[in-house]
Amino acid sequence: MELKDCIFNRRSVRKYLDLEVPREMVGEIIQAGSMAPSSGNLQNWGFIIVRDKSARNKMADACLQQDWMANANVHIVVCGLEDPSKHHYGLRGERLYTVQNCAAAIQNMLLTAHDLGLGSCWIGGFDEGMVKDICDIPDNVRPQAVLAFGIPDEKPDIPKRENIYNMSFFEEYDSKVEDSDECFGYHGDLMLKSLKSSKETVEKKTDKWLDKLEKHTKKFLNNRKENK
Ligand SMILES: Cc1cc2nc3c(=O)[nH]c(=O)nc-3n(C[C@H](O)[C@H](O)[C@H](O)COP(=O)(O)O)c2cc1C
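Just so you know, the residues in each chain are numbered from 1, in the order the chain's sequence is written. Predicted model: local features are reported for residues with pLDDT of at least 70 only, side-chain atom pairs are reported and counted for 80 or more only, and whole-chain, interface and lining totals are derived from all residues.

Trainee: Quick question: what am I supposed to make of helix H4 (residues 82-115) here?
Mentor: Secondary structure follows DSSP: runs of H or I at least 4 residues long count as helices, runs of E at least 2 residues long count as strands, and numbering of each begins at the N terminus. Multiplying 1.5 Å by the helix residue count minus one yields the expected span of that helix. The end-to-end C-alpha distance of H4 is 30 Å, clearly below the 50 Å that 34 residues give at a rise of 1.5 Å each. A maximum bend of about 150° is found in H4 at Tyr 89. Of the residues one or two after H4, Gly 117 is the one with positive phi, at around 90°. The quantity called bend is, for any residue, the angle between two axes fitted respectively to the seven residues ending at it and the seven beginning at it.

In structure tokens, the structure reads:
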């Protein structure tokens, strides 16, 4: 799936079919989380995978009785490990960077789930003590979010998004320009041209990369055969 489609079409899904999410997909989701940027590359997160039905029921309860969650086949509790961040960056690290690191990992996981055809939802409304009890989370680790994943049984419409002009300022906070279309290069076909050329570059590079990968794999398989 194209990155742009993935970003634009991902939705929070709250209705799921009673089907299992393959373990490989859970692995891919966690892998994607682990690839997120983090302050000083600390990777101070932990991901608790919850599949047990009765634990999921308890989790839905801990998430302020969001009962629909129990039908999501997998929950992932994203935990922030505050100690390493505090050690390196003080209060800013403990409070701000830990939250940001986890948020970056979460977004990677949600987008990957969408790319895999799964539905997902970010849940921030929960009783921290209850979530800690369910998953036996130690004192110095803070659950930042519970993520629900499953085979979607709904295709929600996009909730209203603000116009980007209302959230964008130019050079200084609150400073607008008269013609913001000009600033975003929406006039003429300039943007389309630049998109086309980036796409071509990426395609060329990807082809080369695939060739390399094929060669590498063949070499690996040959070596293995010889060593057997
Ligand atoms: C920090 C955070 C907390 C959220 N908490 C909840 C929640 O507790 N329950 C829920 O159903 N959705 C929750 N959401 C999902 C938002 O409601 C949803 O992202 C928003 O309505 C936009 O919809 P979309 O994700 O389909 O674009 C949360 C999202 C974020 C980023």
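Trainee: What is the right way to read the sheet that holds strand S3 (residues 119-123) from this model?
Mentor: What links the strands of a sheet is backbone hydrogen bonding, and the strands pair in either a parallel or an antiparallel sense. Any two strands with at least two DSSP bridges between them are considered paired. Here 4 strands make up an open sheet; going across it, the order is S1-S2-S4-S3 and the pairing antiparallel. In this open sheet, the two edge strands, each paired with only one partner strand, are strand S1 (45-50) and S3. Neighbour-to-neighbour, the strand axes of this sheet turn through a mean angle of 25°, independent of strand direction. Relative to strand S2 (residues 74-81), S1 is paired through 6 bridges, and the arrangement is antiparallel. When the sheet's bridge partners are listed, Trp 45 is paired in S2 with Gly 80. Each residue is represented by a C-beta atom placed from its backbone, and any two residues with such atoms within 7 Å are regarded as in contact. Fitted lines through C-alpha atoms give the axes, limited to the stretch in contact for helices. The angle between two N-to-C directions lies from 0 to 180 degrees. Running over the sheet, H4 touches S1, S2, S3 and strand S4 (141-150) and is turned about 160° from S2.

Trainee: How do you make sense of helix H5 (residues 128-135) when you look at a structure like this?
Mentor: An α-helical turn contains 3.6 residues, so any two residues separated by three or four positions project in the same direction. Taken residue by residue, H5 has Val 131, Ile 134 and Cys 135 as its buried positions. All buried residues of H5 fall inside an arc of 80° around its axis, so they share one side. Exposed positions of H5 whose direction lies more than 90 degrees from the buried face are Gly 129 and Asp 133. Lining the buried residues of H5 we find S1, helix H3 (53-62), S2 and S4. Asp 136 sits one or two residues past H5 and shows a positive phi near 55°. Labels follow a simple rule on C-beta atoms placed from the backbone: if 20 or more others lie within 10 Å of a residue's own, it is buried; if 12 or fewer, it is exposed; otherwise it is partly exposed. Comment: arc refers to directions from the helix axis out to C-beta atoms.

Trainee: What am I meant to see in the nonpolar core here?
Mentor: Side chains of nonpolar character tend, in soluble globular proteins, to be buried together. Defined on buried residues, the nonpolar core groups Ala, Val, Leu, Ile, Met, Phe, Trp, Tyr and Cys residues joined through C-beta atoms within 7 Å. In this structure, Val 78, Ile 123, Val 146, Leu 147 and Phe 149 are the most contacted members of the largest nonpolar core, which totals 37 residues. Among the elements of the structure, helix H2 (23-34), S1, H3, S2, H4, S3, H5 and S4 are those that each provide at least two residues to this core. It is H4 that contributes the most residues to this core, 6 residues altogether. The contact partners of Ile 123, leaving out residues within four places of it in the chain, are Cys 63, Gln 66, Met 69, Ala 145, Val 146, Leu 147 and Ala 148.

Trainee: Would you explain the packing of H3 against H5 in this entry?
Mentor: How two helices sit against one another is set out by the angle between their axes and by the gap between those axes. Taken N-terminus to C-terminus, the directions of H3 and H5 make an angle of 165°; their axes are 9 Å apart at the nearest point. As judged from the angle between their axes, H3 and H5 are roughly antiparallel. The crossing of H3 and H5 is left-handed. Every residue of H5 that contacts H3 at Ala 55, Lys 58, Met 59 and Ala 62 is listed here: Met 130, Val 131 and Ile 134. Under the convention adopted here, Pro, Cys and the residues Ala, Val, Leu, Ile, Met, Phe, Trp and Tyr are nonpolar, Asp, Glu, Lys and Arg are charged, and Gly plus all remaining residues are polar. For the contact of H3 with H5, a count of residues per class yields 6 nonpolar, no polar and 1 charged. Angle categories: roughly parallel below 35 degrees, roughly antiparallel above 145, roughly perpendicular from 65 to 115, and oblique for all the rest. For a crossing to be left-handed, the near helix must be turned anticlockwise from the far one by less than a right angle; the clockwise case is right-handed.

Trainee: For this particular structure, what's the right way to read the site of the ligand?
Mentor: If you check the shell around the ligand, you find Arg 11, Ser 12, Arg 14, Gln 66, Cys 121, Trp 122, Ile 123, Gly 124, Gly 125, Pro 156 and Pro 159 and nothing else. Here the shell around the ligand is composed, by residue class, of 5 nonpolar, 4 polar and 2 charged. Being near a molecule or strand means, for a residue, that its C-beta atom, positioned from the backbone, comes within 6 Å of it.

Trainee: What's the story with the pairing of S4 in this structure? I'm lost.
Mentor: Regular strands place side chains that alternate from one sheet face to the opposite one. For S4, the tally of buried residues reaches 8 of 10 residues, placing the bulk of the element in the interior. Pairing analysis gives 8 bridges linking S2 to S4, with the strands arranged antiparallel. For Ile 76, the partnering residue across the bridge sits in S4 and is Leu 147. Bridge analysis of S3 against S4 gives 5 bridges, and the strand direction is antiparallel. Counted as the bridge partner of Trp 122 is Leu 147 from S4.

Trainee: Help me out: how do you make sense of unusual backbone geometry in this one?
Mentor: Trans is the prevailing form of peptide bonds, just as negative phi is the prevailing case for residues other than glycine. At Leu 64, a residue that is not glycine, the phi angle is positive and equals roughly 55°. Relative to the assigned elements, Leu 64 resides in the loop between H3 and S2. A positive phi angle is found at Gln 65, which is not glycine, with a value near 55°. For Gln 65, the position within the fold is in the loop between H3 and S2. Looking at Gln 65, the number of C-beta atoms within 10 Å reads 9, which means it is exposed.

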